[in-house]
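An overview of the molecular structure
Given next are the chains, with one letter for each unit.
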Amino acid sequence: MDPGHHIPVVVHAADPISRAGVLSQLRRHPVIELHEDAEARPGTVAVLVGETPDETTLTRLRRLVRSEGARAVLVVSAVREAELLDVIESGVGAVVWRHEATGHRLSQAVLAASRGDGDLPADLLGRLMSQVGTLQRSAGGQTGAPGQGMAAREVDVLRLVAEGLDTSEIAGKLSYSERTVKNVMHGLTTRLHLRNRAHAVAYALREGYL
């Protein structure tokens with residue numbers, strides 16, 4: 001982070017105890033600036049806390065990301081199979097399991113979301129890959145290039161994103177500069193109208209690139 005840079009964060013929770021707990025954990029981080037009014041603006045990271053991503057949560061999530069320009073972190077106890085693609089495609093940048101929601105883990109997710117990086121638990125990503133594979137098989141096993149396909153370099157970058165690597169680690173693996181990795185992701189998400197890295201991974205899985 002640049003010296004003096006702060007990340008505006010708002011917290012939404014169904015109950016006051018959960019909200020107070022998350023605020024208490026995030027307040028300790030030097031670059032996180034908590035906004036008590038819970039109003040999201042472009043560039044704000046919105047942390048949504050609940051048991052599962054029910055329809056109310058998903059509706060709020062879509063509004064925050066699409067209408068208000070916020071980045072989103074979802075803190076939940078579980079995600080059901082039927083909700084997986086809806087969660088990713090609604091614009092979530094990071095997912096944190098409630099039982100893992102320490103101050104360090106929450107701050108890590110907020111920082112990743114603010115950068116536009118994906119931050120999904122490994123078990124959730126594995127389930128997403130499995131579900132997309134099932135969808136592809138039920139559709140006759142058709143995979144490959146849609147009308148707006150992905151270049152080999154984009155697939156290489158996304159494969160490493162799916163493995164949980166950050167920008168600097170991807171650059172090192174592929175012998176690219178960090179700027180190149182960022183440009184690849186920006187070009188991909190802009191061209192295919194994808195909201196963030198997690199959505200890009202979901203798209204690549206759905207279309208059979210990964």
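You'll find the structure just up there.
Described in the following lines is the structure provided in the data block. Just so we're clear, the structure is a prediction, and the values are computed from it rather than from any experiment. (Residues numbered from 1 in each chain as written. Predicted model: local features only at pLDDT ≥ 70, side-chain atom pairs only at ≥ 80, totals over all residues. Heavy atoms only, no water.)

A word on the sheet that holds strand S5 (residues 92-97)
Spatially, the 5 strands line up as an open sheet ordered S2-S1-S3-S4-S5, and their pairing is parallel. Two strands lie at the open edges of the sheet, namely strand S2 (32-34) and S5, each paired on one side alone. Across the sheet, the mean angle from the axis of one strand to that of its neighbour is 30°, orientation sign disregarded. Inspection of the sheet shows strand S1 (residues 7-13) paired to strand S3 (residues 45-49) by 5 bridges, in the parallel sense. Following the sheet pairing, Ala13 is matched in S3 by Val49. Along the sheet, helix H1 (residues 16-26) contacts S1, S2 and S3; its crossing angle with S1, the most-contacted strand, is approximately 160°. (Pairing = 2+ DSSP bridges. Helix = DSSP H or I, 4+ residues; strand = E, 2+ residues; numbered from the N terminus. Axes fitted to C-alpha atoms, helices over the stretch in contact; angles between N-to-C directions. Contact = heavy atoms within 4.5 Å.)

Some remarks on the pattern of salt bridges
For the coordinates displayed, the defined rule picks out 7 salt bridges. Arg105 serves as the salt-bridge partner of Asp119, at 3.0 Å between the closest nitrogen and oxygen. One end of the pair, Asp119, is in the loop between helix H4 (103-115) and helix H5 (122-138); the other, Arg105, is in helix H4, and 14 residues separate them in sequence. Arg105 carries the same exposure label as Asp119, and that label is buried. Glu154 serves as the salt-bridge partner of Arg191, at 2.9 Å between the closest nitrogen and oxygen. With Arg191 in helix H8 (residues 178-191) and Glu154 in helix H6 (residues 152-162), this pair connects stretches of sequence that are 37 residues apart. Relative accessible area serves as the criterion here: at 31%, Arg191 is assigned to the partly exposed category. Exposure remark for Glu154: the relative accessible area of 10% places this residue in the buried category. (Salt bridge = Lys/Arg side-chain N within 4 Å of Asp/Glu carboxyl O. Buried < 20%, exposed > 50% of the residue type's maximum accessible area, 1.4 Å probe, protein only.)

Re the packing of aromatic side chains
Tallied over the entire structure, the rule returns 0 aromatic pairs. The ring of Tyr176 carries the charged tip of Arg153 above its face, separated from the ring centre by 6.0 Å. (Phe/Tyr/Trp six-rings, centres within 6.5 Å; stacked < 30°, edge-to-face > 60°. Lys NZ or Arg CZ within 6 Å of the ring centre and 35° of its normal.)

Things to note about the packing of H6 against helix H7 (residues 167-174)
As a packed pair, H6 and H7 sit with axes 10 Å apart at the nearest point and diverge in direction by 130°. When the interaxial angle is binned, H6 and H7 end up oblique. The two elements H6 and H7 meet at a crossing, and its hand is right-handed. Taking contact as the criterion, the partners of Asp156, Val157, Leu160 and Val161 in H6 are, on H7, Ile170, Lys173 and Leu174. Along the lines of polarity and charge, the residues of the contact of H6 with H7 split into 5 nonpolar, no polar and 2 charged. (Parallel < 35°, antiparallel > 145°, perpendicular 65-115°, else oblique. Left-handed = near helix turned anticlockwise from the far one by under 90°. Nonpolar A, V, L, I, M, F, W, Y, C, P; charged D, E, K, R; others polar.)

Digging into the packing of H7 against H8
Put simply, H7 and H8 touch, their axes get as near as 8 Å, and they point 105° apart. By the angle between their axes, H7 is roughly perpendicular relative to H8. Together, Thr167, Ser168, Ile170 and Ala171 of H7 and Glu178, Val181 and Lys182 of H8 make up the contact between the two elements. For the contact of H7 with H8, the per-class residue count stands at 3 nonpolar, 2 polar and 2 charged.

Focus on the environment of Arg159
In this structure, Arg159 sits in helix H6. Along the primary structure Arg159 and Ile170 are separated by 11 residues, whereas in three dimensions their C-alpha atoms are 9.5 Å apart. When sequence neighbours within four positions are dropped, the list of residues in contact with Arg159 reads Tyr209 and Leu210.

Description of the layout of surface pockets
Its volume calculated, the largest pocket comes out at about 480 Å³. Lining of the largest pocket is provided by 16 residues; of these, Arg71, Arg115, Gly116, Asp117 and Arg197 occupy positions nearest its centre. Sorting the residues of the lining of the largest pocket by element identifies H7 and H8 as the ones contributing at least two each. Counting residues per element, the lining of the largest pocket draws most heavily on H8, at 5 residues. Of the residues that constitute the lining of the largest pocket, the class distribution is 2 nonpolar, 6 polar and 8 charged. Here the second largest pocket defines a volume of roughly 370 Å³. Lining of the second largest pocket is provided by 20 residues; of these, Gly118, Asp119, Leu120, Gly164 and Leu165 occupy positions nearest its centre. Secondary-structure elements contributing two or more residues to the lining of the second largest pocket are H4, H5, H6 and helix H9 (197-206). Per-element tally for the lining of the second largest pocket: the top contributor is H4, with 5 residues. The residue inventory of the lining of the second largest pocket, partitioned by class, reads 10 nonpolar, 3 polar and 7 charged. (1 Å grid on protein atoms, 1.4 Å probe; cavity = no way out; pocket = protein on both sides within 12 Å on 5 of 7 lines; lining within 4 Å. Points joined across faces, edges and corners; volume = space filled by probe spheres on them.)

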